[in-house]
Amino acid sequence: MPNWLSKLLGSKESPAPVAPAPPSGAAGEPGYIPLTARPLSDRADSPAMRRPEAPPSRKVVSAPVLVDEEEMSGWSSEIRIKARPDLGMASCVFLVDRPVLQGYSTWIPTATDATESPLAAELFQIPGVESILIHEMTVTVTRHPSVHGPWEPMAKEIGAKIRAHLLSGQPVVSEAFLASIPPEEEIWRRVQQVIDLEVNPGVAAHSGVITLLGVKGNTVTISMGGGCQGCAASTITLKDGIHRAFRSAVPELGAILDDTDHAAGTNPFFKELPEGMRSYA
Amino acid sequence: MPKLQIFRIRIATGEQGRTDIPEFKINGFKIPFDNPRGGVGPGETFEAEGAPQSFAHSLHLCGPTEGTWVIRETTLTYNLMGEPPYTIRLGRVVLDSESDLNIWHERQPVVFDV
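What counts as what
- Sequence order as written defines the numbering, with residues in each chain counted from 1.
- Lettering for chains starts from A, numbering for ligands starts from 1, and both go in the order in which the items are written.
- Totals for whole chains, interfaces and linings use every residue, but because this is a predicted model, local features are given only for residues with pLDDT of at least 70 and side-chain atom pairs only at 80 or more, for both listing and counting.
- Based on all heavy atoms of the structure, the side-chain values leave hydrogens and waters out of the count.
- Note: two strands are recorded as paired if DSSP finds a minimum of 2 bridges between them.
- Helix and strand labels come from DSSP, where a helix needs a run of H or I of at least four residues and a strand needs a run of E of at least two; each type is numbered from the N terminus.
- By the convention used here, residues are in contact when the closest approach between their heavy atoms is within 4.5 Å.
- Orientation is described by axes fitted as lines to C-alpha atoms, over the contacting stretch for helices, and by angles from 0 to 180 degrees between their N-to-C directions.
- One speaks of a salt bridge when a side-chain nitrogen belonging to Lys or Arg is within 4 Å of a carboxyl oxygen belonging to Asp or Glu.
- Note on definitions: buried area is the accessible-area loss of two parts on being combined, 1.4 Å probe, summed for both.
- For this analysis, a polar contact is any N or O atom pair within 3.5 Å, provided that within protein one partner can donate a hydrogen and the other can accept it, and provided that sequence-adjacent residues contribute only side-chain to side-chain pairs.
- Each residue is assigned to one class: nonpolar for Ala, Val, Leu, Ile, Met, Phe, Trp, Tyr, Cys and Pro, charged for Asp, Glu, Lys and Arg, and polar for all the others, Gly among them.

Caption draft 1: Examining the sheet that holds strand S11 (residues 112–113) of chain B more closely. Reading across from one edge, S5(A)-S6(A)-S7(A)-S4(A)-S3(A)-S11(B) is the order of the 6 strands in this open sheet, with antiparallel pairing throughout. Both outer strands of the open sheet, strand S5 (101–108) of chain A together with S11 of chain B, are each paired with one neighbouring strand and no more. Strands in contact with helix H4 (residues 152–168) of chain A are strand S3 (81–85), strand S4 (91–96), strand S6 (129–136) and strand S7 (138–143) of chain A together with S11 of chain B; relative to S4 of chain A, the strand with the most contacts, it is inclined by about 35°.

Caption draft 2: Seen up close, the pattern of salt bridges. Evaluated as defined, the whole model comprises 14 salt bridges over all chains. Close ionic contact of Arg18 of chain B with Asp20 of chain B constitutes a salt bridge, the shortest N to O distance being 2.9 Å. Taking the shortest distance from any N to any O, the salt bridge between Glu47 of chain B and Arg37 of chain B comes out at 3.8 Å. Residue Glu47 of chain B is located in strand S5 (residues 45–50), and its partner Arg37 of chain B is located in strand S4 (residues 34–38); the two are separated by 10 residues in the primary sequence. Among the charged side chains, a network of salt bridges with common partners joins Glu186, Arg189, Arg190 and Glu252 of chain A.

Caption draft 3: Structural view of the pairing of strand S8 (residues 208–216) of chain A. Residue and element names in this part refer to chain A. Looking at chain direction, S8 and strand S9 (residues 219–226) are connected through 8 bridges and run antiparallel. Each residue of the ladder has a partner; that of Gly214, found in S9, is Thr221. Between S8 and S9, which follow one another and run antiparallel, lie 2 residues, and Gly217 among them has a positive phi close to 65°.

Caption draft 4: The interface of chain B and chain A, seen in detail. Residue-level contacts link 33 residues of chain B with 31 residues of chain A. Roughly 2,900 Å² of surface becomes buried between chain B and chain A when both sides are summed, with 58% attributable to carbon and sulfur atoms. When the area that chain B buries against chain A is broken down by residue, the three leading residues are Arg89, Phe112 and Val114 of chain B, summing to 25%. One can count 2 salt bridges joining chain B with chain A. Across the salt bridge formed by Asp100 of chain B and Arg58 of chain A, the nearest N and O atoms sit 2.7 Å from each other. Taken together, the links from chain B to chain A amount to 14 residue pairs in polar contact (both at pLDDT 80 or more). The dominant element in the side of chain B that touches chain A, judged by the number of residues it contributes, is strand S10 (residues 99–102) of chain B, at 4 residues. When grouped by side-chain class, the residues that make up the side of chain B that touches chain A number 11 nonpolar, 12 polar and 10 charged. Across 2 bridges, the pairing between strand S2 (residues 65–66) of chain A and strand S8 (residues 86–90) of chain B is antiparallel. When the sheet's bridge partners are listed, Leu66 of chain A is paired in S8 of chain B with Arg89 of chain B.

Below, the structure is given as structure tokens:
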């Protein structure tokens, strides 16, 4: 340290040398050092320092949620439609009491893509509709992020248009669209290739794994396992990553269903804590 | 994620009960129920409350320490901070010494006719 700096700091002497540690001995003897003052390496065999053994992994199961809903059965002349907005209010599922598009599904991301679906073209006339998924007995409408508030007014308008279209006898999708859908084996092969080459190498960094469970018509069902199961980001992974990759490989793809029970399994996102370990609840 | 203040649970046991008192786990911590009433024998009904006063990333009903436990129906009422309470009913499930039941369910979406 320079002289001027020593004066400024008020330190005129170099620090006293540290005395070497005396050898440890038995309790009560000179030079005895309590256990807590010994280096960690000396304490590794101490029972207090042994890591607690993790308890055997427990499986978390889910019971079916019972819903007191009026059963939609027995077709009547009047078409009955129920609307069910999702909790985030971004999209709303319209459940129709009869098939809308039997055996197939279609996803229409924008109004300009609705050329092969007369029903979607009508729904896109409603202000605020951003994208549409038609699958079996359901029509799922996602509204533009700028649209807020309750779904009821918009849902009633959408329900009226679905009902009017089905009563008119007009097709939901064109014959050309149905003819363009590849065979299920071909869809399976192309989707599996995307999973193997793009998706699973990506989610492997988070110990995740995506499995293709089935293809029906142009609808695929997958499950998200490993680190993806129960992960808070699984929805983003599914919609921004998996959907995009699948649709890029198979443009004719309709619904992509996730069959994962994200609250169950042996490796949920929030794991069991070994006994004795603490975490913040 | 809202804070779970208190939840009430009602468990209707089916044909096979358990001998020990049920407990629950929030975020991996095992906690006894408050004010347990009734029983968990075959055909009996157990009622209790839990007061985690915390954010439920996971909420599990612990399985029995031995044997199997057949639950016919579980009714849960959740009181979340700043929200009106809501109730969820769960159907039949079988637990054993190696399994727990997920009892954290968000409010079910509202369904209406259009």
